[in-house]
Amino acid sequence: MSHKELPLHKLGMSTLAVHVDEGKDPNHAHVTPIYQTSTFSFPDVATGARLFAGEGEGYIYTRLGNPNARHLAHKIAALEGYDLLRQNPDKPLTEVADGWVLATGMAAVSTALVSRAKAGDTIIVQEVVYGGTFGFLANVLAPRLGINVVWVKGDDCESWEKAFKEHPNAPLAYAESPANPSMDITDIACVAEIAHRYGAWLFVDNTFATPYCQRPLSLGADVVIHSTTKYITGHGVVVGGAVVSHHLDYIHGSFKTALTSMGTSPSPFDTWLTNLGLKTFEVRMQRHCENAMKVAQFLESHPKVAKVMYPGLESFPGHEIAKKQMHCYSGMISFELKGGLEAGIKLMEGVRLATLAVSLGNVDTLIEHPASMTHAKVPREEREAIGITDGLVRLSVGIENVEDIIADLEEALAKV
Ligand SMILES: Cc1ncc(COP(=O)(O)O)c(C=O)c1O
């Protein structure tokens, strides 16, 4: 049965994650099949010409669009547009928010940025972002594409205001909240208001929070970016990205042109796997959030731990803003041991349940060292100035039984 009549504005998040755009297979497959094809046939020349002219619905070639990719994009748009759907009960999803899925999270970041900024522009970016994003901005966007990057302290709204005052023509501000790996919290509503006053858009990388914990579009952001490799897929089986916005002209205009021209499109199988993972999104996120809070509290009370960065802890500097804009605090924790780097290495090598690996948001617990791994591209001096010290350890808390995660950390900490 087709689900197209479902009243999306009335449905809960888990229901959306399970049902959006399902049940549309012409052969009535219960689970949407994989459209593992590079190209699509046209019944006649006129239809092919119409599709190329952008008239009517249909598919041409997988780089330009594929049913699995569109399906996943609609689902993520429904989750990020969850509140907007409720505010616009008479509108179908595609008139409220829409998006595209891409080959990787970095494909999403880079395609989003080049589809909005051009050579000669200045863009305003928070200083703590994922190391790959930093690398793209510092090594490609600025020197090769001539887009000037001004770095600001993400968790200080005044520094965004100051940057816009100095660069009033900046077309966009770029935030990541919580930031990878410092967990810095950007006041999304505050930065969106400043950006809009200057006629700019706010882009938010929502990978750490996910739409379960935070929905930037509802807080005033213009464009949301994801590495779907992480919580959206949840099982660590694919790399992928997504970009969602309520600016539909942008999504179907300059963003689509950049994506299809640069060929940052995903494979049908990867998007199918991500859609499968997304079906358990809400139950996974509930458990990630519950577990991470308990693990953060355990770490905070441990005598060998110097500092814990988790937005859900009252001791965390960004907690008040996090409480205002997040429904829960997701599964990422950063912390420093009193023994610095040496102690951190002992801990990372001492755990048995947690896996020493980069990436995050998987059902299993992962532990890593940002200074030598995810943020190695950030020069040491800049890294230390923004709190990514050699002693910082990043933990992606999984959905295992929390007592087992804590016991694993306790055992490894005893050896430090
Ligand atoms: C916050 C954030 N954004 C973007 C990315 C890039 O995603 P991908 O590795 O899927 O390209 C990552 C990867 O770790 C990330 O943590």
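Nothing here was measured: the structure is a model prediction, and the numbers come from that model. (Residues numbered from 1 in each chain as written. Predicted model: local features only at pLDDT ≥ 70, side-chain atom pairs only at ≥ 80, totals over all residues.)

Q: How should I be thinking about the overall build of the chain in this particular structure?
A: From N to C terminus, the chain includes 18 helices and 12 strands. Over its C-alpha trace the chain gives a radius of gyration of 21 Å, about what one expects of a compact globule, namely 22 Å for 416 residues. Once the C-alpha set of the chain is aligned to its principal axes, its extents read approximately 70 × 50 × 35 Å. The buried share of the chain, reckoned over its 416 residues, is 50%. Sequence-distant contacts, at least 24 apart, represent 72% of the contacts inside the chain between residues at least 6 apart. (Helix = DSSP H or I, 4+ residues; strand = E, 2+ residues; numbered from the N terminus. Rg over C-alpha atoms; globule rule 2.2 N^0.38 Å. Buried ≥ 20, exposed ≤ 12 C-beta atoms within 10 Å, placed from the backbone. Contact = placed C-beta atoms within 7 Å.)

Q: Would you mind going over the site of the ligand with me for this structure?
A: If you check the shell around the ligand, you find 16 residues, and the closest are Thr 104, Gly 105, Tyr 130, Ser 227 and Thr 229. Listed by contribution, the elements that provide at least two residues to the shell around the ligand are α5 (105-114) and α6 (131-145). Here the shell around the ligand gets three residues from one element, more than from any other, and that element is α5. For the shell around the ligand, the class distribution of residues is five nonpolar, nine polar and two charged. (Near = placed C-beta within 6 Å. Nonpolar A, V, L, I, M, F, W, Y, C, P; charged D, E, K, R; others polar.)

Q: I would appreciate a short explanation of the sheet that holds strand β6 (residues 223-227) in the present structure.
A: Within a sheet, adjacent strands bond to each other through the backbone by hydrogen bonds, running parallel or antiparallel. Spatially, β1-β7-β6-β5-β4-β2-β3 is the arrangement adopted by the seven strands of the open sheet, whose pairing is mixed. Edge strands, defined here as strands with exactly one partner in the open sheet, are β1 (98-102) and β3 (148-152). Ignoring strand direction, the axes of neighbouring strands in this sheet form an average angle of 20°. Pairing between strand β5 (residues 201-205) and β6: three bridges, direction parallel. Directly across from Phe 203, in β6, lies its bridge partner Val 223. The strands that helix α3 (residues 67-80) touches are β1, β6 and β7 (241-245); relative to β1, the one it contacts most, it runs at about 125°. (Pairing = 2+ DSSP bridges. Axes fitted to C-alpha atoms, helices over the stretch in contact; angles between N-to-C directions.)

Q: Help me out: how do you make sense of the domain arrangement of the chain in this one?
A: How big an interface is tends to be reported as the loss of accessible area on association of its parts. For the chain, the assigned domains are domain 1 (65-278) and domain 2 (281-414). Measuring from the centre of the C-alpha atoms in domain 1 to the corresponding centre in domain 2 gives 24 Å. The interface is formed by 31 residues belonging to domain 1 together with 35 residues belonging to domain 2. Counting only elements with at least two residues in the side of domain 1 that touches domain 2, the list comes to α6, α8 (188-197) and α9 (210-213). (Domains from an automatic or database assignment.)

Q: Just checking my understanding: could you explain the packing of helix α7 (residues 157-166) against α8 for this structure?
A: What describes two packed helices is the angle between their axes and the distance between those same axes. Where α7 meets α8, the axes come as close as 10 Å, and the angle between the chain directions of the two elements is 10°. Relative to α8, the element α7 is oriented roughly parallel. Seen along the crossing, α7 lies across α8 with a hand that is right-handed. Contact residues: Cys 157, Trp 160, Glu 161 and Phe 164 in α7; Cys 190, Val 191 and Ile 194 in α8. For the contact of α7 with α8, the class distribution of residues is six nonpolar, no polar and one charged. (Parallel < 35°, antiparallel > 145°, perpendicular 65-115°, else oblique. Left-handed = near helix turned anticlockwise from the far one by under 90°.)

Q: It is not clear to me how the nonpolar core should be interpreted in this structure. Could you clarify?
A: The nonpolar side chains of a soluble globular protein tend to be buried with one another. In terms of nonpolar packing, the biggest core is built from 118 residues, with Ala 173, Leu 202, Val 243, Tyr 310 and Ile 333 touching the most fellow members. For Tyr 310, the contacting residues outside a window of four places in its chain are Met 183, Ala 292, Ala 296, Phe 316, Tyr 329 and Ile 333. (Core = buried A, V, L, I, M, F, W, Y, C linked by C-beta atoms within 7 Å.)

Q: Where do I start with the pairing of strand β9 (residues 332-337) in this structure?
A: The side chains of a regular strand alternate, first on one face of the sheet and then on the other. Of all six residues in β9, six are buried, a share of seventy percent or more. Alternating positions in β9 separate into two faces, Met 332, Ser 334 and Glu 336 on one and Ile 333, Phe 335 and Leu 337 on the other, with burial throughout. Strand direction decides the pairing type here: strand β8 (residues 305-309) and β9, joined by four bridges, are antiparallel. Across the sheet, the residue bridging to Val 308 is Phe 335, located in β9. With five bridges connecting them, β9 and strand β12 (residues 392-396) associate as antiparallel partners.

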